[in-house]
Amino acid sequence: MKDIIKVELKTQTVDFSKCKTDILAMGLFSDTKELDKLNKELNKKLDGAIDRLMKLGDFKAKDGTNAVIYGNNKIGAKRILLVGLGEKKKATLDTVRNAAANAAKTSVELKAKTMSLALHRAFGRQFDLSTMGQAFGEGVYFGSYRYDEFITENENGRLGSLKVMLTDLDSTKLKKLKKGLSTGIAIGKAQSYARTLANRPANVVTPAKIAAAAKELARSSQRLSCTVFDEKQMAAKGMGGVLAVGSGSKNKPRFIVLKYSPPGKTANTLPTIALVGKAITFDSGGISIKPSANMDEMKLDKSGGIAVLGAMKALAELAPSVNVFGIVPSAENMPSGTSYRPGDIINTFSGKTVEVQNTDAEGRMILCDAISYAVKQKCDIIIDIATLTGACVVALGKYMAGLMGNDDALIKDLKKVAEASGEKVWPMPSGEEYAKEMKSKIADLKNIGSRWGGACTAAAFLKQFAGDTKWAHLDIAGVWNFEKATEFTSEGASAFGVRLLTAYVVGIKSKKK
Ligand code: BES
Ligand code: ZN
Ligand code: ZN
């Protein structure tokens, strides 16, 4: 798949004031009284322009803001971009990532060909250089991304590529930054890839297209292999959940399995992680049809599955020492004469029967088969990611994903990784009380609970299929998109989960060492 905007990111050993670039991005905290050494130096060369700007109060260096100062013949840069970092004591890794994103987004808007990043200077020793390098990599891709592949009229004109240089005069510093930077680039590219796939509408991306994308990933990496089951193969295996949901659409369902094998010959001594993602290419609700307002958004109901593809793409590059399955059940949920109906009883892959009470609770119907499949593959840890419930959006809003599971240590690990990745999660319950609501009178389970706690009952349903395997569930219904562009990125699919899942799996490697 071609990048929408080609972004190149490298390091460059150069004196800041001599650095020839369209935009030189510098960071500034809102609560530091004096300019730091570097900004002071630039200020001097710019005849006090930074001072004048600050004195007028036009720029207060608040988080998410920036200001452009135009260069002169004493410096190499055409523009200096002052990026606001907010209060110094409040800075997190997200501040670093967002600052890079803000600079990259502004560079695309200003149609800059080149941008030099010197943001690390403001942070001093607050963060480790390699960690910052990773955040810069992720941030640059995150911020420069936009989805305009179907716009044919060029009033929205922009350049097709952006060259970014991470800049410092000190080459040992750059070396440390570069270490993390390459990880950040792999993750950032994978996230942009996932955002494009997620943003594509349902007439373009069908379950078969998602399968083709997975095969393509496997073709481009020696460490990935891909198996796809079509309807017939799913029927032979008894994957009644995926088949039921897919039965109403002309676009037939697929069950996609990507396998990542680590380098070396120690694979069978290493743990196996399953990343399971819901990929409903369009969720009309089926026979329990949704209201028409905003139904177009339901093209994003494949976001969990696509986040898994994105994470697998990044992992193939980062080559951690762990086995990973990417399991993506994919279907289109449509109403028709062949659809599954409320009242139907479905035989799932696990052997458990499920009474369908609402065809719009389709995510759990496809995930249950995928989770059982992961259990059968003897995976040590299963993490599923899904745009599963509107109830989760009601509970947490658009800032965090719901996190449930059956293993406290796994939940704790994921929470920690989430903080560093800037893809935030919040723990929610899924215990006995909720599981009870999912019992059916005429089958083993039913697919909806009572009116309340919908995110928790959905998770409690999935839990039944994990059995004794360590399992965690991410409900990303609220965080699947940005409704409007932010200071840090454009609107549309967020590909939430690519950073979190990749960082989690890579972290397992370091724990083993
Ligand atoms: N894909 C939706 C969940 C969703 C809702 C995602 C809003 C993003 C934004 C899911 O398949 C669904 O329809 N869930 C139902 C479950 C209900 C029928 C128990 C819901 O949340 O209303
Ligand atoms: Zn639904
Ligand atoms: Zn859905």
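Because the structure is a prediction, the values reported are computed rather than measured.

Caption draft 1: Here's a closer look at the coordination of the zinc ion (ligand 2). At 2.0 to 2.2 Å from the zinc ion (ligand 2) lie its protein donor atoms, namely Asp283 (OD), Asp360 (O), Asp360 (OD) and Glu362 (OE). Each of the 6 donor atoms around the zinc ion (ligand 2) contributes to a set of angles spanning 70 to 166°, which defines the coordination as irregular. Of note, the donors binding the zinc ion (ligand 2) are all from one chain and are spaced D-x76-D-x1-E. The distance between the zinc ion (ligand 2) and the zinc ion (ligand 3) is 3.3 Å, with aspartate 283 acting as a donor to both metals. Here the residue aspartate 283 occupies a position in strand S10 (residues 279-283), and aspartate 360 occupies one in the loop between strand S13 (353-355) and helix H11 (363-376), the gap between them amounting to 77 residues. The class for aspartate 283 is buried, based on a relative accessible area of 3%.

Caption draft 2: Inspection of the coordination of the zinc ion (ligand 3) at higher detail. Here the zinc ion (ligand 3) is held by the protein donor atoms Lys278 (NZ), Asp283 (OD), Asp301 (OD) and Glu362 (OE), which lie 2.0 to 2.4 Å from it. Here the zinc ion (ligand 3) is ringed by 6 donor atoms whose angles at the metal span 78 to 171°, and the overall shape comes out octahedral. Here lysine 278 falls in the buried class, since its relative accessible area comes to 2%. Residue aspartate 301 is classed as buried on the basis of its relative accessible area, which comes to 2%.

Caption draft 3: Highlighting the site of ligand 1. Close to ligand 1 lie 16 residues; Lys290, Asp301, Asp360, Glu362 and Gly390 are nearest. A distance of 3.2 Å is found between an oxygen atom of ligand 1 and a side-chain nitrogen or oxygen belonging to lysine 278. Residue leucine 388 places a main-chain N or O atom 3.4 Å away from a nitrogen atom belonging to ligand 1. Contact with the protein chains removes 78% of the 520 Å² of surface that ligand 1 exposes when unbound. The class makeup of the residues in the shell around ligand 1 is 5 nonpolar, 4 polar and 7 charged.

What counts and what doesn't
- Residues numbered from 1 in each chain as written.
- Chains lettered and ligands numbered in written order.
- Predicted model: local features only at pLDDT ≥ 70, side-chain atom pairs only at ≥ 80, totals over all residues.
- Heavy atoms only, no water.
- Donors = N, O, S within 2.8 Å, 3.2 Å for Na, K, Ca; no water.
- Tetrahedral: all angles 85-135°; square planar, octahedral: opposite > 155°, others 65-115°.
- Helix = DSSP H or I, 4+ residues; strand = E, 2+ residues; numbered from the N terminus.
- Buried < 20%, exposed > 50% of the residue type's maximum accessible area, 1.4 Å probe, protein only.
- Near = heavy atom within 4 Å.
- Polar contact = N/O pair within 3.5 Å; in protein donor to acceptor, adjacent residues only side chain to side chain.
- Areas by Shrake-Rupley, 256 points an atom, 1.4 Å probe, with all protein chains shown as cover.
- Nonpolar A, V, L, I, M, F, W, Y, C, P; charged D, E, K, R; others polar.

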